[in-house]
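A look at the structure
Here's the letter readout for the chains.
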Amino acid sequence: MQDSWRIRPNFTLNYGLRWSTSTPVYEKNGLQVVPNVNLTDYFNRRVESSNLGVPFTDPITFILGGKANNAPGYYKQDWNNFAPSIAFAWSPDFGDSLFGRVFGRNGQSVIRGGFRTTYDRIGSQLAVNFDLNNLAGFTSARNINANTFDVIPDELGPLFSGFNPNVRALPFPGSTGPIPSTLNFPLTVPSDEDQRIETSLDQGITTPYNYSFNLSYARELGKGLSFEASYVGRFARNLLASRDIMQLNNLRDPQSGMTYYEAVNQLVDFRYQSREINSIEPIPYFENLFPFMADWWGDPSLTATQAAYAFVAFPAVGGGDTVDYTFLQLLWDDRPDCTTCPEGGGPARFNNMFYQPQFGALSAFSTVARSNYNSLQLSLRQRLSSDLTFDFNYTYGHSLDNASGLQNSTSYGTAFIVNALFPDQNYASSDFDSRHIINANWVVGLPVGRGKKLFSNMNSFADAVLGGWQTTGIFRWNSGLPIQTPFDCCVWATNWNVQSNGVRVNPVVSSPTASGTPNIFSDPAAVYRSFRPARPGEVGDRNVLRAPGYIALDMVLYKTFKLPWEGHTLQFRWEVFNVTNTQRFEGLTISDLSLGQDPFLGGSPNSDFGQFTSTQAPLGETKAGRVMQFALRYQF
């Protein structure tokens, strides 16, 4: 529904209400599998139970879903998508006064504003991506997961026996029989602590929505020239993003009230202070929840806290130097008398303190992300007059979000929130944020020939050759997009499957060099040493560095020749793309941005740290160099 009310001759109000709904997609033949629980509810129960100090480990079962099976779908249909909108246009006339001269008179200026709620249409790409990448419930395969062979004592990997071995005959850790040849539903993944990495869809998905605002002032400047200044904002909520439903528990100790992140980060502090193991005072968290830690470390004379610290302490003080903190949680996950644990038990008061025993990571698309965009937009336009028309636009804007991927993103890709417990740790400049954007286009008739300013009296033959030429062009420049922040190369601080970025200890900026071996940094070693590894619970810095900006100038010179027959013309065109032959380096294909252990304490990066490997290319092109083409167009 929409209506327009012209309240006054110079003031119009538009308002309306839209309602929409999208049916969740489904597989028509019934080849559709869904979890037997709403994963949002399951995640919330894990968080609530963890806050009470009790691990929540109920198993998840996969069942046939969708209309063909008369069963639940991927998610429920959203019926309450009501989207109001309101806008106004006011052409002020303040008379012959200062305001009149500034804002214009008699329709010379207009102030517009509006607000609208819109809902995204989701489903198709989400289901296609899920169907292509999901294995949970669709396969009877077995995997040999990370931290299995060559980590557990006496659990060595199989010997190399030649290329293309019979993998089904290999010894799978924890297997009790052959791989099943059929799938039967309901299907429950074994709770065998095999740290599976899987994907799914969250039945708690709802429709993403956006609030859009704008306020603009436009003014005629005379002789076809006009100016417009606008504020444009867009705030999106319930955006699609993937998160780990099995994010490792930040278990709270009910007695002390301390969480795992708070307790273990004290140990990390001691590590960087190079404290002696025997000097560590008891921390209630470890004394209460990990009473068998000293025996597990192998020195009963230590307190539980001292033994826990020994795992992470530097070798110089007798420590184990374990800084893969999610692997540390795996080592500490269970009781000593656990008979089904792949690590042979552990120092904890309960089993499964951190891990849900079916999955090490279960990424599911949920509507849990948000974004905010604010911008100032300026435009200067010239209507066609005296062989000249142009449009010049400048935008200063900033887009921020906690996930920049689309519904066709991979489950652990750009749309993934690394710490599902604290999604706003990911909140930063969007992957596509470009702070400054300039674009312009123009058409100019060259002032040469009959009726023009130059050589207006030339003969017809000369006019046919030299007169009537026109040129047009498009210009685009924008500041650089964010690039991948240097990341922990070989450890996983917070999520079992996705590594965290590094954290700056010194200011770091991009300073591209083109001489020698092109690099995003003028001093790669200094940048490398300006980062520390992420601590437990941290996702690291996101989008703090920028690639070089993009610039492109495309131009055309053309002339239309009239032919003797009515309505027949021949047009000659000379088109040049990337007139200046500018080639900026590409920030998405940098060779290496990985960080070794504790780079801020010293050390050197890999030789290709920060190196560019390619140049930016226009959309649809394979290279960035200048391209010319000539054309003749016969029109009749």
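Up top is the structure these notes are about.
Small disclaimer: the values here were computed from a predicted structure and weren't measured.

1. So, the overall build of the protein
Broken down by element type, the protein carries 10 helices and 25 strands. In terms of overall size, the protein is more extended than a compact globule, its C-alpha atoms giving a radius of gyration of 32 Å where 636 residues would be expected to give roughly 26 Å. C-alpha extents for the protein along the principal axes are approximately 105 × 60 × 60 Å. Taking all 636 residues of the protein together, 44% fall into the buried category. Within the protein, contacts between residues at least 6 apart in sequence are counted, and of these 75% link residues at least 24 apart. When the accessible surface of the protein is split by element, carbon and sulfur atoms take 56% of a total near 32200 Å². Treating the 47 positive side-chain charges of the protein as one cloud and the 54 negative ones as another, the clouds have centres 17 Å apart.

2. What about the packing of helix α4 (residues 260–272) against helix α7 (residues 304–312)?
Between α4 and α7, the least distance of the axes is 9 Å, while the angle of their chain directions is 60 degrees. Judged by the angle between their axes, α4 and α7 are oblique. Here the hand of the crossing between α4 and α7 comes out right-handed. Here L267, F270 and R271 of α4 lie close against α7, whose contacting residues are T305, A308, Y309 and V312. Looking at side-chain class alone, the contact of α4 with α7 contains 5 nonpolar, 1 polar and 1 charged residues.

3. Section: unusual backbone geometry
Residue P186 is bonded to the preceding F185 through a cis peptide linkage, with omega at 0 degrees. Positionally, P186 belongs in the loop between α3 (124–133) and β7 (187–188). In this structure, K223 is a non-glycine residue whose phi angle is positive, near 55 degrees. Among the structural elements, K223 can be located in the loop between β9 (209–222) and β10 (225–244).

4. As for the side chain of S429
Assignment of secondary structure puts S429 in strand β14 (residues 428–429). For S429, the side chain forms a polar contact with the side chain of H398, separated by 2.9 Å. Setting aside its immediate chain neighbours within four residues, S429 contacts H398, S399, L400, R435, R542, N543 and R546.

5. A short note on α7
Where burial is concerned, most of α7 is hidden: 9 out of the 9 residues are buried. Turning to α7, its buried residues are A304, T305, Q306, A307, A308, Y309, A310, F311 and V312. The elements touched by buried residues of α7 are α4, α5 (284–289), α6 (293–297) and α8 (325–331).

6. Points about the environment of L31
Note on placement: L31 falls in the loop between β2 (11–20) and β3 (33–35). Residue classification places L31 among the exposed residues on the basis of a relative accessible area of 59%.

7. Remarks on the pattern of salt bridges
Inspection of every chain in the model, using the stated rule, returns 16 salt bridges. With a shortest N-O distance of 3.4 Å, D202 and R243 are connected by a salt bridge. On the criterion of sequence distance, the pair formed by D202 in the loop between β8 (196–201) and β9 and R243 in strand β10 is long-range, its members being 41 residues apart. R546 is the partner of D433 in a salt bridge, and the nearest nitrogen-oxygen pair spans 2.6 Å. Taken together, the residues D433 in the loop between β14 and β15 (436–445) and R546 in strand β21 (residues 545–546) connect sequence positions 113 residues apart.

8. Points about the sheet that holds β3
Pairing within the open sheet is antiparallel, and its 3 strands lie in the order β3-β4-β7. With one partner strand each, in any of the chains shown, β3 and β7 form the two edges of the open sheet.

9. What to know about the pairing of β8
Along β8, 5 of the 6 residues are buried, which leaves the element largely enclosed by surrounding structure. With 6 bridges joining them, β8 and strand β11 (residues 359–385) adopt parallel strand pairing. In the sheet register, I197 faces β11, and the bridge partner there is A361.

10. Remarks on the environment of D333
Tracing the backbone shows D333 in the loop between α8 and β11. By relative accessible area, D333 is classed as buried at 0%. Among residues more than four places away in sequence, those in contact with D333 are E193, A348, F350, N351, N352, M353, F354 and Y355. A polar contact of 2.7 Å, which involves the side chain of D333, links it to the backbone nitrogen of F354.

11. Let's talk about helix α1 (residues 39–51)
Along its 13 residues, α1 runs 18 Å from first to last C-alpha, staying within 8% of the 18 Å computed at 1.5 Å per residue. When we look at burial in α1, the residues that qualify are L39, T40, Y42, F43, R46, S49 and S50. In the core, the buried residues of α1 are packed alongside β3, β8, β10 and β11. With a side-chain oxygen lying 2.9 Å from the backbone nitrogen of T40, the N-terminal cap of α1 falls on N38. Once α1 finishes, G53 follows within two positions and takes phi at roughly 85 degrees, a positive value.

12. Topic: a nonpolar patch on the surface
Taken together, the side chains of M1, L17, W19, W79 and F82 present a nonpolar region at the surface, about 610 Å² in accessible area. With relative accessibility at 44%, the residue F82 sits in the partly exposed group.

13. Details of the side chain of S49
Mapped onto the elements of the fold, S49 is located in helix α1. A distance of 2.3 Å separates a polar side-chain atom of S49 from the backbone oxygen of V54. When near neighbours in sequence (up to four residues on either side) are disregarded, S49 contacts V54, P55 and F56.

14. Structural notes on the nonpolar core
Membership of the largest hydrophobic core comes to 44 residues, with the highest contact counts inside it found for L267, Y285, F286, F290, Y309, W332 and F354. Among the secondary structure elements, those contributing two or more residues to this core are α4, α5, α6, α7 and α8. When sequence neighbours within four positions are dropped, the list of residues in contact with F354 reads R46, L248, N249, Y260, Y285, F290, Q329, W332 and D333. Counting 15 residues, the second-largest nonpolar core is a separate cluster that includes V33, F62, I245 and A364.

Calculation rules
Residues numbered from 1 in each chain as written. Predicted model: local features only at pLDDT ≥ 70, side-chain atom pairs only at ≥ 80, totals over all residues. Heavy atoms only, no water. Helix = DSSP H or I, 4+ residues; strand = E, 2+ residues; numbered from the N terminus. Rg over C-alpha atoms; globule rule 2.2 N^0.38 Å. Buried < 20%, exposed > 50% of the residue type's maximum accessible area, 1.4 Å probe, protein only. Contact = heavy atoms within 4.5 Å. Areas by Shrake-Rupley, 256 points an atom, 1.4 Å probe, with all protein chains shown as cover. Lys, Arg positive; Asp, Glu negative; His and termini not counted. Charge placed at Lys NZ, Arg CZ, Asp CG, Glu CD. Axes fitted to C-alpha atoms, helices over the stretch in contact; angles between N-to-C directions. Parallel < 35°, antiparallel > 145°, perpendicular 65-115°, else oblique. Left-handed = near helix turned anticlockwise from the far one by under 90°. Nonpolar A, V, L, I, M, F, W, Y, C, P; charged D, E, K, R; others polar. Polar contact = N/O pair within 3.5 Å; in protein donor to acceptor, adjacent residues only side chain to side chain. Salt bridge = Lys/Arg side-chain N within 4 Å of Asp/Glu carboxyl O. Pairing = 2+ DSSP bridges. Expected span 1.5 Å × (residues − 1). Patch = residues over 30% accessible without salt bridge, like charges linked within 9 Å, V, L, I, M, F, W, Y side chains within 5 Å. Core = buried A, V, L, I, M, F, W, Y, C linked by side-chain atoms within 4.5 Å.

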